[in-house]
Structures are given as C-alpha cells and as structure tokens.
Amino acid sequence: MGDILIVDDERDIRELISDILKDEGFETRLAGNSDEAMSAINSEPPGLMILDIWLKDSRMDGIDILKTVKRDNPDVPVVIISGHGNIEIAVAAIKQGAYDFIEKPFNIDQLLVVIRRAMETSRLRRENSELRRKDVTAAEMVGASPAYRALISQLDKVTKSNGRVMLTGAPGAGKEVAARYIHAHSNRANAPFITVGCASIEADRMEEVLFGREGPERGVEPGLLEQAHGGVIYFDEVADMPPGTQSKILRVLVDQQFQRLGGSDRVRVDLRVISSTNRNLAAEISAGRFRQELYHRLNVVPIDVPPLADRREDIPVLAEHFIALFHRTQGLPLRQLSLDAVALMQTMDWPGNVRQLRNLIERVLILGDGAGPIEVRDLPTGAENVTEEGRVVLSGTLATLPLREAREAFEREYLLTQINRFGGNISRTANFVGMERSALHRKLKSLGVVTSNKPGGRVAHIDDEMDEAEEGLLD
C-alpha cells in the first residue's frame, strides 16, 4: 500500500501527473472513470489518491468515490483536484474526509508538498492503528506534530537497552504512557510492568509495599520490586519518595537485591527502572529532599515529555483517539468533531495537558445529546466566551483599556495563539488569519511577537526586550 492512484477523465492530465510523480520516485496507477477507479481500489488500496471531482461518462463523481473510499478504506488519504473549484466544493470535499483540495491549473511544487504531507500523515495513522490492534491501550502514543515526533524518536532510541530513563514533564502530559511505550517496544515487553505511585503510597507503608514482608503468620508477601522481576518498575513522581526509602532504593539499584521486611534472605531481582517527575530535581536536591546519588543513578537518560501546549497540532488526532477509545470501552457515541470545535480546542489553555483533554472528551460524550458532530457549544469554553446572539464576551481587563491598546492586546494574544496552534509555522498561520506572509511578519514585529526554537518545533512568545522598553516608557 504505497503507490498513488490518479483518477482523472483527461488522459493528458493524469499521464502528466504520473510522469512527474515517477520522476520523484513514486509508483502510480491510472484510472479514467469511476469504474476503473473502484476496480483499482478493490484490487489493492493505494497509498494515496489524486481524484478529479468531475468525471465524464462515469457512474460516480469524485465526491461519490471519496465517500466510498473513506467508508471502506479510511486510512487512504485523498487529494481532490478540480478545474471548477469554488469554496462550496472545497468545503464539501473536506467534510467528506478529503485531505486537501487543489484547483486546476495547479502548481506542481504545491501538489508534491501536499502529497508528501498526506502520505506522512497516513503512515503515522497506520502506525497508531497497528498499536490499537495490538490492544496495548496504555502504551498508545498518538500524534504527528514535530514535538511528538521528537519524543517518539527519543523513546525509540532507549527501547532496546536496559538504561535507566528519567521522564520529566508537567502533570497529565503523558509520562506514564511514554514509560509503557518503552516497555511495550523493549525486549522485556512480555515481562511485568509495575507502577509505584510514589505520591499516593503513605510514607510509613512505602518500604512494605516495595520490598514485601515475610513472617510466621502470613508467610511471604512479595512487594512491587519482586513482582517486577524480569520486567520494568516505574517510579511515578519519584520526587515524592520518602527520604528514608530513597537510600534503600539506591542500594537496590547498586546490588540488584534486597531483603523483605521481617526476612533474612536476600532476594535477587532483574529490573529495568524508569522514573518520572514534574518537579525540578536539582532544586529538590538543594533543599535536601532528594538524594543526589539516587538522582544520578536514575537520570541516565533524561527525556522531556512536552506539554499539550507545545503539540497543539496533535489535539484533533488525540481527541479522535479518545472518542474511539470511549466508544470501544464504554459504548459512548462515536461522534465526529466539527472544524470549529477543533479550532477552538487548539486555542484553549490546557494546564492539565493530555489528561485534561481526555477528561473533556469523556464529559462531552457523556453529557452530549445524540450522535451528531461535536460543536463549539458542546465545549465548556465556548459557552463561557460567546453569547447566544454570537457576541464575544470581553474579559474584565480588555474592557477597561482604550480602543488602541485593547486592539493591540487582542491582536498580540490572537496571533500568539494561532502561531502556536500551527506549531510555529508562519505560512500556515498567515493562510488561516487571511494575511500575506510579509504583512504578518510586519504585524508580529510591531506587536513584539517573536518565534524561537524549542525541542521538536518552534513557539511564539513576546519579545522580552520590547516588554522592558514599554515598561520604561510607562515609568
């Protein structure tokens, strides 16, 4: 499933596109009408379709073929082309699942960019589908953004080793999912994965829970370390581990053995250790709350799990993933997301990160009416900011500013949000907000908005020097 099926009733056009794609290293198949197109799809689904929306002498037009393909082969991306393009046709095609719409005569470079992006997206979705088919829900990593791909690249590098990994990141960002991903793709995948919730276990019970207990009355009660033998033990929020336990865990890491509480025999274990924290462990060490020796033992390979704010491009695919998950596990409605709802979610604040998004989707599915698309009105934030008449509700701060300052404050925040929504991509931002790229650059400069590199992508922020200059003018 890697070739490209070109469907167009004009022979010259489909052969021209085919020749260009072959020069770029792609394999192609050609179809001049709907019957040939459906026959080609049924014999072997293509990696991608380029589909003309108007097909002469055919039983089905492009939209009909698109509907059939997305019903039977949802993973096949479809790029619609048309010589009679208009907004209504483009919107209809996108609503039916088309990846993109290109009007004839098209720019070849533009077509190639769209094709490569569509096939990359399709590849990532197939990988995610393969994970779902393996029924390893807890280890599913979902996304396609640069920050997500950078994280997956780091995780893949450590899966085959036994090196200890320290996962850092904000609460709800997906640290345990990342830990389970490492386990599921390692040579210990068939062995146990045991989680130690350092923040949830009472301090006076921590050692019993970890090391187990033995005695004449109750016999041997294995602890979590023993249960994890041969597999992975995951210390969730390791900064919350009691200081007394830290020194004993350090000894386990050195000797790979320990004694049960009340016992005298040494228990040997073979463990891979993965830890996580949302705290600054250097500050915890300086404050005397975390042992430096243990930190160095655990922090062999540090990996940062990015917050949802750094991977806003993943919000639609994550939301769709949770909708399918809740449909499969709880029988909740399998609803679609409207484009407006997606846009709003990509601009919302997510202090609770992926966990907050998951909870929101579950709440919307439980409380929603029917199985229609999820609209802006179904989202909590939409109800708070827009009246029934469609008027935007001003925040208290914005309502107190003069018009010029209020306009600048709104433009600055709006453009910051949109740039970060599109992963720092100025071209996509300019296209969405309806500005020429050069005009957008000038506007950003006047507002003091700059972009800078972060691991996995670019983010926008306010120029600190401009902030200081403005404060100086106000003094």
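Residues numbered from 1 in each chain as written. Predicted model: local features only at pLDDT ≥ 70, side-chain atom pairs only at ≥ 80, totals over all residues. Heavy atoms only, no water.

A. Up close: the overall build of the chain. A count of helices and strands for the chain gives 21 helices and 16 strands. The 475 residues of the chain split such that 43% are buried. Taking all contacts inside the chain whose residues are at least 6 apart in sequence as the whole, residues at least 24 apart take part in 67%. Just so you have it, the chain exposes about 24800 Å², and 49% of that area is on carbon and sulfur atoms. (Helix = DSSP H or I, 4+ residues; strand = E, 2+ residues; numbered from the N terminus. Buried < 20%, exposed > 50% of the residue type's maximum accessible area, 1.4 Å probe, protein only. Contact = heavy atoms within 4.5 Å. Areas by Shrake-Rupley, 256 points an atom, 1.4 Å probe, with all protein chains shown as cover.)

B. Structural context of the pairing of strand S10 (residues 232-236). The buried fraction of S10 amounts to 4 of the 5 residues, a majority that puts the element mostly inside the structure. Pairing analysis gives 4 bridges linking S10 to strand S13 (residues 272-277), with the strands arranged parallel. Across the sheet, residue phenylalanine 235 finds its bridge partner in S13, namely serine 275. (Pairing = 2+ DSSP bridges.)

C. Structural detail: the environment of aspartate 340. Relative to the assigned elements, aspartate 340 resides in helix H14 (residues 339-347). Exposure remark for aspartate 340: the relative accessible area of 55% places this residue in the exposed category. In this structure the C-alpha to C-alpha distance between aspartate 340 and glutamate 375, which are 35 residues apart in sequence, comes to 6.9 Å.

D. Molecular detail of the sheet that holds strand S2 (residues 28-31). Reading across from one edge, S2-S1-S3-S4-S5 is the order of the 5 strands in this open sheet, with parallel pairing throughout. Edge strands, defined here as strands with exactly one partner in the open sheet, are S2 and strand S5 (100-103). Each neighbouring strand pair of the sheet contributes to a mean axis angle of 20°, computed without reference to strand direction. Bridging between strand S1 (residues 4-7) and S2 involves 4 bridges; their strand directions are parallel. (Axes fitted to C-alpha atoms, helices over the stretch in contact; angles between N-to-C directions.)

E. The arrangement of the pattern of salt bridges in detail. All chains considered together, the criterion is met by 24 salt bridges. As a salt-bridge pair, aspartate 3 and arginine 29 come within 2.6 Å of each other at their nearest N and O atoms. With aspartate 3 in the segment before S1 and arginine 29 in strand S2, this residue pair connects regions lying 26 residues apart in the sequence. Of the charged contacts in the structure, one is a salt bridge between arginine 180 and glutamate 176, with a shortest N-O distance of 3.2 Å. (Salt bridge = Lys/Arg side-chain N within 4 Å of Asp/Glu carboxyl O.)

F. Representation of the sheet that holds S13. Spatially, the 5 strands line up as an open sheet ordered S7-S10-S13-S6-S14, and their pairing is parallel. Pairing within the sheet leaves two strands with one partner each, and these edge strands are strand S7 (193-197) and strand S14 (301-304). Taken pair by pair, the neighbouring strands of this sheet meet at an average axis angle of 20°, ignoring direction. Pairing geometry for S7 and S10, over 5 bridges, is parallel. The residue of S10 that forms the bridge with threonine 195 is tyrosine 234. Strands in contact with helix H7 (residues 175-184) are strand S6 (165-168), S7, S10 and S13; relative to S7, the strand with the most contacts, it is inclined by about 155°.

G. Expanded view of the side chain of glutamine 257. Secondary-structure assignment places glutamine 257 in strand S11 (residues 257-259). The exposure class of glutamine 257 is buried, given its relative accessible area of 18%. At a separation of 2.9 Å, a polar atom in the side chain of glutamine 257 contacts the side chain of arginine 268. (Polar contact = N/O pair within 3.5 Å; in protein donor to acceptor, adjacent residues only side chain to side chain.)

H. Spatial organisation of the packing of aromatic side chains. The final tally for this structure, using the stated rule, is 4 aromatic pairs. Between the aromatic rings of phenylalanine 410 and tyrosine 414, the centroid separation amounts to 5.6 Å while the plane-to-plane angle is 20°, which identifies the pairing as stacked. You can see phenylalanine 410 and its partner tyrosine 414 sitting in helix H18 (residues 403-421), 4 residues apart, about one turn around the helix. (Phe/Tyr/Trp six-rings, centres within 6.5 Å; stacked < 30°, edge-to-face > 60°.)

I. Examining H7 more closely. Burial in H7 covers these residues: Lys175, Ala178, Ala179, Tyr181, Ile182 and His183. Against helix H6 (146-158), S6, S7, S10 and S13 lie the buried residues of H7.

J. Structural view of the packing of H18 against helix H19 (residues 426-433). For the pair H18 and H19, the least separation of the axes is 8 Å and the interaxial angle reads 125°. If you check the angle between H18 and H19, you find them oblique. In this structure, H18 crosses over H19, and the sense of that crossing is right-handed. Contacts between H18 and H19 pair Tyr414, Leu415, Gln418, Ile419 and Arg421 from the former with Ile426, Thr429, Phe432 and Val433 from the latter. Split into classes, the residues belonging to the contact of H18 with H19 amount to 6 nonpolar, 2 polar and 1 charged. (Parallel < 35°, antiparallel > 145°, perpendicular 65-115°, else oblique. Left-handed = near helix turned anticlockwise from the far one by under 90°. Nonpolar A, V, L, I, M, F, W, Y, C, P; charged D, E, K, R; others polar.)

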